Structure formats: C-alpha cells, structure tokens
Amino acid sequence: MCKPKFIVIFCIIALLMFLIPGQVLAETEIVFLEESIMQVPQEVLEEIYISESISIQQFHEQIEWQIFALVNQERQSLGKPALQMDSVLRDISRSHSKDYGDNNLEALYPDDDPRLGHYSPNTGWPIDRIASRGYTFGVHYTAYAENYYSNSGFSDPGAVAFNGWMNSEGHRNNIRDVNNHGFNYTGIGVYRASNGGYYFTQKFVTAPSPLSNVITPPTAPPPTTAPAIPTLLSPANGSSVTGSGTESRITFQWNASSGADRYQMRLRAVGATTWQTSPSIFDTHTIANNFPNDGRQYDWAVRAGNNSGQWSNWSSTWRFTNGSGATPSPPPEPQPVYPANGSTISGTSITFNWQPSPGATYYIINVWRPDIHMKFCFEEVHSGTSHTCTYFPNDGTVFEWSVAAGNAH
C-alpha cells in the first residue's frame, strides 16, 4: 500500500461526534459509520452500536470474491486470461491480513519501507508464507507477487481496496501482469480487525502445472421476486425497555421472511427526521448498545433482501420507550491541552491531556490517521484526564485527535 509522508501535525478536533473524513453530519442526521456505530441525533454523547449478525468469515468471503471479480474483469479487458482462486493461497493471504490487523504491524515500518505490508516478524516474507503451506518455488510455482492494502470508514471497503491498487503503479502492474509473468492463480484474504480497519492481501503465482486446490465463487439462481415483508417481534410496540449490562444493550428480533437471506434495520429517535439504516444483517436479530435509559422513545423497522439486490417494503414501524426519567444534560465538551493544535511531536509513545469536564464520568479519546482513513487509538478513559497511545511511527505522519465527555446517563 502506498501512503504519503507528512510532517507530524496534531490537529485538535474538539467534537462530540467522531466523523469519517469526507462525511458531514448535521445535528439531526443519523449516519452509519463503517464500524456500524450509530450516531444518535440528541445532544447526548452515547453512541448506539448495531452489530452485523452475519458470520464475519462469510462477510469477509463476500469481499474476497468481489475483489476476485474486479481483478479478472480488469485482466480480461486487456486480453489477459482470468485468474483461478486457490484455497491454499487464499488461506495464506487471510492469515497475513489477520496478522497485520491484530498485531498493528503497519506501525512498525515507515511508509517508504519495503517491509510495510509484505514482511511480518511472525511469518517472514511472501515466499516464506507460501513455503509454510507446502508450495515450493520452482516446483509448484515459478513467479509470484503480492498486493497489500488497508482502509477504514468506507461503505464498500473491497471496491476501495481495488481502486487503491489500480491507482498505484506497482499494484496495478501485478493485477494486469504487465511484465508477462504468466500469473494464473491467486489467493485473496480479507480481515476486519477490532479497530474497524479492513486488511487486504492478494497473492499472484505462476504455476507450471495445474494446482489441485482451485475453488469457485458460490452461485445461486437469482430470485425473481422480492422477499416477504418481515414481522417484528421485540421490543414490542408500545413497550418500555431498559438497556441491559454495562453497555446498555437492547436486542432487536423479527421473524424470518420467505425468500430472504439478509435484512436491514432502521432506527430513529422520535422527533428525528432521518432514519439510521444498518448494513446488511444475515440473521433475524441484532443488538444495539449504549442506550441512555432516560425515557426517550425510538421507532424501528426492518426490511428483507436477497442476493439479487431486491428488497421488500419496510415492515410496520414499532415504537418503544427506553427507560424512564427526564433527559439529562450532557457534560460540556472537554478542552484539549496536549499535544497542541499544529504541533510537531517526536516519539513512538505520546500522552494526550485535556481539561476536566464538569459532570463527566468518562472520556473517549480518538486518534485518527487521515491518510489511510483509520482509527489509530480509540479508548474509553474512566480515570483522570490523560491517556497514552503507543506505536506511533515517528516518521512525519499527520494525526488528528479529539476527546469527548460522557456520564452515567
């Protein structure tokens, strides 16, 4: 992945909402971020989180086949033969993406370091990872290449990764095989880490003899009609529901619809004009977190979809009351202290400080890396008005940071 270098400048963004660059939220809008964090339109800090109930591996596999199709479309437009997907190469790529995502390996190498994205202290170089799975250079394959990318905050991360590769000469050359290596097999691995970032690895090899682990995209006959409208189950219409646990969770459930393989849920506070709509949910339930439990009312509805892109109408809208009591006032936004706006800081470990906010029982610090659209350090702080973030590359990269205050309400 090619990433530009910048002078280290910390830009203070004292916002109560954490926004993806390029997206602007009005106070009454609700936007689903890539991490599926729902922004509540009231003047409160709480964020409602709706999980994607799809098997995460199934979701990753969908993106892998999406990139596979895009790569072959590009190759065939140039008269190149289509690649075949090899399950061993796919597993190697999946493991490498997971290694980079879980262990924050991008922080180890500066942007111009050839190890970035391709070397791991845990698995070595691409040729080492391929050899570890029994494929021998000169026997099973005679040429190889690897593309790597990461991103966060996009509704279609697979397309963004492919476009990123196509906008980088070296990655684009691998896809197009401009040096005529005769690439005929590939393996694509996608992984979403706990920080919300997506990590992508694609292997290319030239196999002189057919490989025995070829896999093909899943296929299904396209439905001819939209699925039936789902019926809601809980929270019941007119009910009062209090969020449970320390995360103040509410589970939403509905009946399965004939012909459906996915659903979307929408939610809004009573009085808001804009619905917040979830990504596709591959189950008949999902969970929302961090409800304020203060007597506010919410409307919700569900619709059913299929793999041909057909959607039912929305279900009837049900309304529930979340907890009881008057709406509390949120604590005032805290004032950042250090690092100052526009400052240049050296070091791989940096301590952030801010002024206390009256009435706050915790703070959320968000350190954002805008060049790759990724949260770098996102923590909830329950003690004090400072927090130390680590693994800064100390190489001139620009970071932005903000802090928000919350309370028990």
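Now for the overall build of the chain. Helices and strands together make up the secondary structure of the chain, namely five helices and 22 strands. Taken across its 409 residues, the chain has 51% of its residues classed as buried. Put simply, of all contacts in the chain between residues at least 6 apart along the chain, 70% involve residues at least 24 apart. Element-wise, carbon and sulfur atoms account for 50% of the exposed surface of the chain, whose accessible area totals about 17,800 Å².

Right, let's talk about the state of the cysteines for a bit. In total, this model carries one disulfide according to the counting rule given. A sulfur-sulfur separation of 2.1 Å characterises the disulfide bridge that pairs C377 with C389. Negative torsions about the S-S bond denote left-handed disulfides, and the value of about -70° found for C377 with C389 makes this one left-handed. Here C377, found in strand β20 (residues 374-381), pairs with C389, found in strand β21 (residues 386-389); they are twelve residues apart in sequence, far enough to count as distant. Residue class for C389 comes out buried when judged on its relative accessible area of 1%.

What follows covers the pattern of salt bridges. Per the counting criterion, the structure on display carries 13 salt bridges. We note a salt bridge from E61 to R90, for which the minimum N-O separation is 4.0 Å. With E61 in helix α1 (residues 56-77) and R90 in helix α2 (residues 87-102), this pair connects stretches of sequence that are 29 residues apart. With a relative accessible area of 27%, E61 lands in the partly exposed category. Residue classification places R90 among the buried residues on the basis of a relative accessible area of 13%. Taking the shortest distance from any N to any O, the salt bridge between R94 and E64 comes out at 2.9 Å.

Before going further, it helps to spend a moment on the sheet that holds strand β10 (residues 240-241). Here we have five strands laid out as an open sheet, ordered β10-β16-β15-β12-β13, and mixed in their pairing. Two strands bound the open sheet, and with one partner strand each, they are β10 and β13 (276-277).

Residues of helix α5 (residues 169-176) that are buried: H171, N174 and I175. Along the axis of α5, the buried residues cluster in a sector spanning 100°; they form a single face. Buried residues along α5 sit in contact with α1, β5 (143-151), α4 (157-166) and β7 (198-206). A positive backbone phi angle near 50° is found at D177, which sits one or two residues after α5.

For the rest of this paragraph, the subject is the environment of R172. Here R172 is to be found in helix α5. Sequence separation between R172 and V71 is 101 residues; the distance between their C-alpha atoms is 9.7 Å.

Looking now at the packing of aromatic side chains. Across all of its chains, the model carries 24 aromatic pairs by this definition. Note on Y198 and F200: the rings are 6.4 Å apart at their centroids and 25° apart in plane angle, and the pair reads as stacked. Residue classification places F200 among the buried residues on the basis of a relative accessible area of 1%. Put simply, the rings of F252, F291, Y298, W300, W318 and F320 pair up and form one aromatic cluster.

Turning to the nonpolar core, a few remarks are in order. The biggest cluster of nonpolar side chains holds 22 residues, and the ones touching the most others in it are I63, I67, I175, V190 and F200. Those elements that place two or more of their residues in this core are α1, β5, α4, β6 (185-192) and β7. If you tally residues by element for this core, the top one is α1, at six residues. Core analysis: the next-biggest nonpolar cluster, separate from the first, contains 18 residues, L267, A288, Y298 and W300 among them.

Quick look at the packing of α1 against α4 now. A pair of packed helices can be characterised by two numbers: the angle between their axes and the separation between those axes. Contact geometry for α1 and α4: axes closest at 9 Å, N-to-C directions at 35°. As for the relative orientation of α1 and α4, their crossing is right-handed in sense. Judged by residue contacts, I63, Q66, I67, L70, V71 and E74 of α1 engage P157, G158, A159, F162, W165 and M166 from α4. Its residues placed into classes, the contact of α1 with α4 shows nine nonpolar, two polar and one charged.

Moving on to the confidence of the model for the chain. Summary statistics for the chain give a mean pLDDT of 81 and a share of 83% for residues scoring 70 or more. Mean pLDDT across the secondary structure elements of the chain bottoms out at strand β1 (residues 10-12), with 26, and peaks at strand β4 (residues 84-86), with 97. Note on residues 1-54: pLDDT under 50 across the span, and 202 contacts to partners over four residues away in sequence or across chains.

Right, let's talk about the pairing of β6 for a bit. In summary, the side chains of a regular strand alternate between the two faces of the sheet. The buried fraction of β6 amounts to eight of the eight residues, a majority that puts the element mostly inside the structure. Neither face of β6 is left uncovered, since the one carrying Y185, G187, G189 and Y191 and the one carrying T186, I188, V190 and R192 both have all their residues buried. Bridge count for β6 against β7 is eight bridges, and the pairing is antiparallel. Directly across from G187, in β7, lies its bridge partner K203. Count of turn residues in the β6/β7 antiparallel hairpin: five residues, of which G196 carries a positive phi of about 90°.

Procedures and definitions
- Residues numbered from 1 in each chain as written.
- Predicted model: local features only at pLDDT ≥ 70, side-chain atom pairs only at ≥ 80, totals over all residues.
- Heavy atoms only, no water.
- Helix = DSSP H or I, 4+ residues; strand = E, 2+ residues; numbered from the N terminus.
- Buried < 20%, exposed > 50% of the residue type's maximum accessible area, 1.4 Å probe, protein only.
- Contact = heavy atoms within 4.5 Å.
- Areas by Shrake-Rupley, 256 points an atom, 1.4 Å probe, with all protein chains shown as cover.
- Disulfide = S-S within 2.5 Å.
- Salt bridge = Lys/Arg side-chain N within 4 Å of Asp/Glu carboxyl O.
- Pairing = 2+ DSSP bridges.
- Arc of directions from axis to C-beta.
- Phe/Tyr/Trp six-rings, centres within 6.5 Å; stacked < 30°, edge-to-face > 60°.
- Core = buried A, V, L, I, M, F, W, Y, C linked by side-chain atoms within 4.5 Å.
- Axes fitted to C-alpha atoms, helices over the stretch in contact; angles between N-to-C directions.
- Left-handed = near helix turned anticlockwise from the far one by under 90°.
- Nonpolar A, V, L, I, M, F, W, Y, C, P; charged D, E, K, R; others polar.
- pLDDT = per-residue confidence, 0-100.

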